[in-house]
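Remarks on the overall topology
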Amino acid sequence: MAYLSSMFIDNELDLDEKVQFVDKIHLEQPFYQETRELLLQERLLRMPVDTRRLLPERLPLRERPRPWLKRLIQPVAYAAAGFAAAGLLLLMLVRPTPPAPAASRFVIYEPAAHQVELAGSFTDWRRMPLQPVGNSGYWELHLRLPAGEYRFAYILDGTRQVADPTLPGRERDDFGGENSILNVEGQV
Amino acid sequence: MKNGAEFYKANRERLYAYLLRMTGDLQLAADLVQESFVRYLDRYGDQKSNRALLYTIARNAALDIMRRHKADAGVEMDDHADPGTSPEQTVIDRQALTRMLMAVQQLAPMERELIALVVSADLSYREIARMLNISEANVKVKVHRARVRLREILASEAV
């Protein structure tokens, strides 16, 4: 139970473990010594860095709808959504329809790349080119995919395979590369 | 979360601390902070606050960069210490931080990730276990081993 000292540092001890920890500190001098040294080390490890010159006050986000525009659009959007929902409900009552393919946007930030392609289980692993978004460094591709689970990766400059950094799900392929796992839910 | 700007403000310092310990590079860590937030908000919008997801995105971005730039850039410290401290203290702090960051870079990849997460991310062992796809019991043991290993590295360099 040497790791009790790390659990103590990280505030992970429950009440029983706190009792064990205090007893151990009281009875075992080497444990006390190690815990003390790790605490001093932690002070250094957690030393803050002044980030005012490194991080901007605000995140330089790409253009988003402005509030006044949102206010203007919102009532119309709600009304349209209402009509659309009523229409859809009517359609569903008449006959059930299978989910339509969903629009998927693939985006990656690769300012240094000259060419970015995508290959996935939904393209039979054939490569499809992404288009640069102006000079922003972003590359994008819009596809409509039926609902399902897919594997894919980006290929940079024809040779380098990279997984999508925004998707947590990944798995190794048979060639030593890494693919992203994409779950697409159908649009009803 | 009310919006992306607030999410950014509330999490940027901690995410920076995490990425600094992952990469050991002041400027690269700052670039990765911005990149991670842009990716997060681009894909998940600004209506959902999920710190574990933000750290997963940051981790993947950092690992991708580190894989591509295997060459060690070293740890370069500019004058980024707290401006409230004296020049002498600033120098001491800078040296201590540099030494610590270099020691962290010598840990095995999994140990470095765990140390970076526990000291910076404010995530519980359970959340870290889920994020790294290992058991919580494993996190307990590995975090402690990483700390002990770090102490050994620092002690060997002090000789």
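Structural notes, computed from the coordinates. (Residues numbered from 1 in each chain as written. Chains lettered and ligands numbered in written order. Predicted model: local features only at pLDDT ≥ 70, side-chain atom pairs only at ≥ 80, totals over all residues.)

**A few points about the overall build of chain A**
- Counting its regular elements, chain A contains 4 helices and 9 strands.
- Its helices and strands taken in sequence order, chain A reads α-α-α-α-β-β-β-β-β-β-β-β-β from the N to the C terminus.
- Within chain A, buried positions represent 16% of all 188 residues. (Helix = DSSP H or I, 4+ residues; strand = E, 2+ residues; numbered from the N terminus. Buried ≥ 20, exposed ≤ 12 C-beta atoms within 10 Å, placed from the backbone.)

**Focus on the overall build of chain B**
- Per the secondary structure count, chain B includes 7 helices and 0 strands.
- Counted from the first residue to the last, chain B has its helices and strands arranged as α-α-α-α-α-α-α.
- Within chain B, the proportion of its 159 residues that are buried is 40%.
- Once local pairs closer than 6 in sequence are excluded, the contacts in chain B between residues at least 24 apart make up 66%. (Contact = placed C-beta atoms within 7 Å.)

**Comments concerning the sheet that holds strand E4 (residues 131–132) of chain A**
All names here are of chain A.
- Reading across the sheet, the 3 strands line up as E1-E5-E4 and stay open at both edges, with antiparallel pairing between neighbours. With partners counted over all chains shown, the strands left at the sheet margins are strand E1 (102–109) and E4, one partner each.
- Across 2 bridges, the pairing between E4 and strand E5 (residues 138–145) is antiparallel. Among the inter-strand pairings, Gln 131 is bridged to a residue of E5, identified as Glu 140. (Pairing = 2+ DSSP bridges.)

**Section: the pairing of strand E9 (residues 178–184) of chain A**
All names here are of chain A.
- Taken together, the 5 bridges between strand E6 (residues 148–156) and E9 define a ladder with antiparallel strand orientation. When the sheet's bridge partners are listed, Tyr 150 is paired in E9 with Leu 182.
- With 3 bridges joining them, strand E8 (residues 170–172) and E9 adopt antiparallel strand pairing. Pairing of Arg 170 across the sheet is with Ser 180, part of E9.

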